[in-house]
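Descriptive structure summary
The primary structure of each chain is shown beneath.
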Amino acid sequence: MLTVCNLRKTIDRKPVLRQVSFSVGPGQVAGLVGRNGSGKTTLLKTMAGIFTPDSGEVRYGETSIAAHPEAKREVVFIPDSPEALYGYTAYGCADLYANIYPRFDMLFFKETMKRFGLPLDKNIKHFSKGMKMLFSTGLGIATRAQFVLLDEPTNGIDPIAKKQVLTLLMEAAADGTSLIISSHLLDELERIADKVLLLKDGTVETYETGDEANAGIAKLQVVFRGEAPAAWLASPEVKVLEHVGRVYTLLVSRAPSSSAYGELEAMKPLLMEPLPLRLEDLFAWKLGGPSNVG
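**Description of a nonpolar patch on the surface**
A surface patch of nonpolar side chains, amounting to about 240 Å² of accessible area, comprises Tyr 88, Leu 96 and Ile 100. Following the sequence through the fold, Ile 100 ends up in the loop between helix H2 (90–98) and helix H3 (106–115). The exposure class of Ile 100 is partly exposed, given its relative accessible area of 41%.

As structure tokens, then:
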């Protein structure tokens with residue numbers, strides 16, 4: 001189990017992580033989502049022990065990663081670009097990691113490089129974007145660390161490389177490796193994640209994939225009787241996703257403190273059909289949708 005408990009971190013005098021708590025179990029895949037600049041990379045680096053928390057802790061089992069550096073061997077961070085390794089060939093990187101991670105699987109790494117046609121003797125700074133992410137992902141998994149943290153692993157790579165990276169990750173998860181994946185590609189996360197870690201204002205809300213009730217919102221297709229209720233639609237408890245003719249696609253709060261859903265039922269609309277709630281809907285509801293850059 002990797003546990004984050006009351007984590008706080010300030011960067012350049014700006015509070016980035018305020019009070020972050022969650023846990024990820026063995027073999028789980030967690031998707032980390034948030035707006036640009038919300039602190040996702042800072043959180044991953046702090047979890048991996050690259051950054052030291054201002055307060056709170058990250059524990060591998062019962063062991064604090066900050067207080068016991070040997071625990072870092074069970075948590076590896078894969079950045080969106082391996083710039084720190086640009087002075088090395090692919091094999092040189094593997095040799096370096098083999099001296100850090102005691103269970104480093106050199107055979108797996110070499111087979112992965114061969115599988116995807118990546119040269120062992122070429123400096124990785126000359127790799128394409130997709131080649132770099134395949135290399136980095138294979139290198140991280142080859143450490144045989146229990147928890148692999150990935151920062152935007154499929155961002156900006158072509159569809160073939162993306163499929164190859166995702167295949168590597170799913171194979172690792174099937175073998176019992178826990179993955180925490182930061183990504184803006186919500187459709188991908190929705191397919192592979194067991195839980196979603198939603199980072200906003202320096203804190204994390206956790207949602208189990210498929211547990212719509214836990215989100216406290218309903219997605220509905222609605223056709224009103226007569227004129228649509230403009231004041232109700234403008235409520236902060238309601239979000240209009242789409243409006244075509246008389247048909248509205250809505251997100252409506254079902255929180256105990258909200259009366260919006262009950263008010264809609266009382267209107268007795270001509271159509272009030274529930275729709276599956278997607279990760280993109282949760283993102284729009286919790287994080288402000290596409291109008292805010294972050």
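**Some remarks on the side chain of Asp 151**
Along the chain, Asp 151 falls in strand E7 (residues 147–151). It turns out Asp 151 is buried and unbridged, and the closest side chain with the opposite charge, Lys 40, is 6.7 Å from it. Each residue touching Asp 151, except ones within four places of it in the same chain, is listed here: Thr 41, Leu 44, Phe 77, Ile 78, Pro 79, Asp 80 and Ser 182.

**Section: the sheet that holds strand E12 (residues 238–244)**
Taken in spatial order, the 4 strands make up an open sheet running E12-E13-E11-E14, and their pairing is antiparallel. Among the strands making up the open sheet, the edge pair consists of E12 and strand E14 (271–275). Direction aside, the axes of adjacent strands within the sheet are offset by 25° on average. Strands strand E11 (217–223), E12, strand E13 (247–253) and E14 of the sheet are contacted by helix H9 (residues 260–267), whose axis makes an angle of about 140° with E13.

**Let's talk about unusual backbone geometry**
The backbone of Asp 12 sits at a positive phi, close to 50°, despite the residue not being glycine. Topologically, Asp 12 is positioned in the loop between strand E1 (2–11) and strand E2 (14–24). The phi dihedral of Arg 13 falls on the positive side, at around 65°, and the residue is not glycine.

**Overview of the packing of aromatic side chains**
To describe a pair of aromatic rings, you give the distance between the ring centres and the angle between the ring planes. Overall, the coordinates contain 7 aromatic pairs when judged by the stated rule. On the basis of an interplanar angle of 35° and a centroid distance of 5.7 Å, the ring pair of Tyr 97 and Tyr 101 is categorised as tilted. Tyr 101 carries the same exposure label as Tyr 97, and that label is buried. Clustering of aromatic rings is evident, with ring pairs tying together Phe 104, Phe 109, Phe 127 and Phe 135. For Arg 144, the ring lying beneath its charged end belongs to Phe 108, and the centroid distance is 4.4 Å. Seen from the ring of Tyr 261, Arg 254 lies directly overhead, with NZ or CZ sitting 3.8 Å from the centre.

**Quick notes on the pattern of salt bridges**
Two side chains carrying opposite charge are able to pair once their charged atoms lie near each other. Tallied over the entire structure, the rule returns 10 salt bridges. Lys 162 is paired through a salt bridge with Glu 188; the nearest N and O atoms lie 3.6 Å apart. Here the residue Lys 162 occupies a position in helix H5 (residues 159–174), and Glu 188 occupies one in helix H6 (residues 186–192), the gap between them amounting to 26 residues. Relative accessible area serves as the criterion here: at 25%, Lys 162 is assigned to the partly exposed category. The network of salt bridges with common partners includes Asp 187, Glu 190 and Arg 278.

**Description of the environment of Asn 155**
Topologically, Asn 155 is positioned in the loop between E7 and H5. Sequence-wise, Asn 155 and Arg 18 are 137 residues apart; in three dimensions their C-alpha atoms are separated by 27 Å.

**Thoughts on the sheet that holds strand E9 (residues 195–200)**
The strand order across the open sheet built from 6 strands is E6-E7-E8-E3-E9-E10, with neighbouring strands paired in mixed fashion. For this open sheet the edge positions go to strand E6 (75–78) and strand E10 (203–208), each flanked by a neighbour on one side alone. Each strand of the sheet is rotated relative to its neighbour by a mean of 20°, with strand direction disregarded. Strand direction decides the pairing type here: strand E3 (residues 29–33) and E9, joined by 4 bridges, are parallel. Residue Leu 32 lies in a different strand from E9, and its bridge partner there is Leu 197. Here helix H1 (residues 40–47) sits on the sheet in contact with E3, E6, E7, strand E8 (178–182), E9 and E10, set at roughly 155° to E7.

Each value, and the rule that gives it
Residues numbered from 1 in each chain as written. Predicted model: local features only at pLDDT ≥ 70, side-chain atom pairs only at ≥ 80, totals over all residues. Heavy atoms only, no water. Patch = residues over 30% accessible without salt bridge, like charges linked within 9 Å, V, L, I, M, F, W, Y side chains within 5 Å. Areas by Shrake-Rupley, 256 points an atom, 1.4 Å probe, with all protein chains shown as cover. Salt bridge = Lys/Arg side-chain N within 4 Å of Asp/Glu carboxyl O. Helix = DSSP H or I, 4+ residues; strand = E, 2+ residues; numbered from the N terminus. Buried < 20%, exposed > 50% of the residue type's maximum accessible area, 1.4 Å probe, protein only. Lys, Arg positive; Asp, Glu negative; His and termini not counted. Contact = heavy atoms within 4.5 Å. Pairing = 2+ DSSP bridges. Axes fitted to C-alpha atoms, helices over the stretch in contact; angles between N-to-C directions. Phe/Tyr/Trp six-rings, centres within 6.5 Å; stacked < 30°, edge-to-face > 60°. Lys NZ or Arg CZ within 6 Å of the ring centre and 35° of its normal.

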